[in-house]
Amino acid sequence: MMKSKKTALLTAGLTVLLSAAVIVGGTFAIFGTSKTREVTITTGSVDISAEFGDVTLYSLTPSSTEAQPTGSLSFNAGGTASLDSANGSIALTGIVPGDRAEFTLTVTNTGAAAARYLIAYDATVTGVAGAEDALNYTVTAADEAVSFGSWSAEPLAAGESVTLNISVELDKSAVQVTDGSGAVQTFITQASVVFTIYAGQANASDADLNGALGFTPAP
C-alpha cells in the first residue's frame, strides 16, 4: 500500500510540473514590430509646341552663281515670303530657280516626361512634270545631326527646347517649259509642304514610337 501511495504521489507531482510548464509556455512574449510604406503613382505626359521664326531669303545675283541673302522678305526676282505665326505657316510666292528660304522651327517639350522627336514633311506639288523633284528641303540643328524621318538621338527634357534650321529651295536646274502651242507653262502652279513633328517618350524604341504614332519610315 505504501508503494502505491508513493507512486501516486510521484504521478501527482509530475502532473503538477507539466501543468506549470504549460502555463509558462502559454504566457511567453516575443519582441517584435511592423511598419507600412505607401507607393503613390502618377503618370508623365508627352507634349510639344512647334513655332516657325527667323525667315531669311536667298537669291542669285548677276555677279554670283550662288544664292546670296536678300536682306528682306523679297527675292531678287520679285518673289516674296510671309510668316503667319498665328497659323504656323510660311508662304513663298513667285519664286524662281535659285531662290531659297531658310527659317527656324523651335520645338519645345511642354510635357512632364523626357521625349525624343522626329520631323517629317509631305509635299503636294502641282505643275509641270518633275516640278516636285526640283524642290529641295534640308533640316539641321546646332547640337546634333538631324535628318527628316529619323528620331532624335538626344532626348528633350521637360521644358527643354531645340531650334531646327529648315530650308526650302527651288533648284537652279529647274527648267521652264512650253506647251505644244509655244505658251509658257507655270512651273509650279501650287505647292504645299507640310512639316509634321512627332514626339514620344524618350525610353521607347524607334519601332515602338513609329507604331504608336502611326509614322511609316521611308523605304
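Residues numbered from 1 in each chain as written. Predicted model: local features only at pLDDT ≥ 70, side-chain atom pairs only at ≥ 80, totals over all residues. Heavy atoms only, no water.

Novice: Tell me about the overall build of the chain, and please be specific about residues and values.
Specialist: Along its length, the chain carries two helices and nine strands. When the elements of the chain are put in sequence order from the N terminus, they spell out α-β-β-β-β-β-β-β-β-β-α. Put simply, of all contacts in the chain between residues at least 6 apart along the chain, 74% involve residues at least 24 apart. (Helix = DSSP H or I, 4+ residues; strand = E, 2+ residues; numbered from the N terminus. Contact = heavy atoms within 4.5 Å.)

Novice: Break down the sheet that holds strand β7 (residues 135-141) for me, with residues and values.
Specialist: As summarised here, the arrangement of the five strands in space is β2-β1-β5-β8-β7, forming an open sheet in which the pairing is antiparallel. The open sheet terminates on both sides in strands that have one partner only, identified here as β2 (64-69) and β7. Within this sheet the neighbouring strands show an average axis-to-axis angle of 25°, counted without direction. Two strands pair when backbone bridges link them, and strand β1 (residues 48-61) and strand β5 (residues 100-109) are joined in this way by nine bridges, in the antiparallel orientation. Note that in β5 the partner of Tyr58 across the bridge is Arg100. (Pairing = 2+ DSSP bridges. Axes fitted to C-alpha atoms, helices over the stretch in contact; angles between N-to-C directions.)

Novice: Can you tell me about unusual backbone geometry, naming the residues and giving the values?
Specialist: Of note in this structure, Asp54 is not a glycine but carries a positive phi near 50°. Relative to the assigned elements, Asp54 resides in strand β1. Relative accessible area serves as the criterion here: at 61%, Asp54 is assigned to the exposed category. (Buried < 20%, exposed > 50% of the residue type's maximum accessible area, 1.4 Å probe, protein only.)

Novice: Talk me through the side chain of Asn210; I want residue IDs and the actual numbers.
Specialist: Examined against the element boundaries, Asn210 turns out to sit in helix α2 (residues 206-213). A distance of 2.8 Å separates polar atoms of two side chains, one belonging to Asn210 and the other to Trp151. The residues contacting Asn210, other than those within four sequence positions of it, are Trp151, Phe215 and Pro217. (Polar contact = N/O pair within 3.5 Å; in protein donor to acceptor, adjacent residues only side chain to side chain.)

Novice: Give a description of the confidence of the model for the chain that names residues and reports values.
Specialist: Summarising the model, the chain shows a mean pLDDT of 86, and 87% of its residues fall at 70 or more. Low pLDDT, under 50, characterises residues 9-14; the stretch is placed with zero contacts to residues that sit more than four places away or in other chains. Within the model, pLDDT remains below 50 along residues 16-21, and this stretch shows zero contacts once partners closer than five positions in the same chain are excluded. (pLDDT = per-residue confidence, 0-100.)

Novice: Provide a residue-level description of the pattern of salt bridges, including the pertinent values.
Specialist: Taken as a whole and judged by the stated rule, the model has three salt bridges. Here Glu66 ties to Lys172 by a salt bridge, and the two come within 3.9 Å at their closest N and O atoms. With Glu66 in strand β2 and Lys172 in the loop between β8 (161-170) and β9 (188-201), the pair connects residues that are 106 residues apart, well separated along the chain. Taking relative accessible area as the criterion, Lys172 reaches 44% and is therefore assigned partly exposed. The partner of Asp206 in a salt bridge is Arg116, with the nearest N and O atoms 2.7 Å apart. (Salt bridge = Lys/Arg side-chain N within 4 Å of Asp/Glu carboxyl O.)

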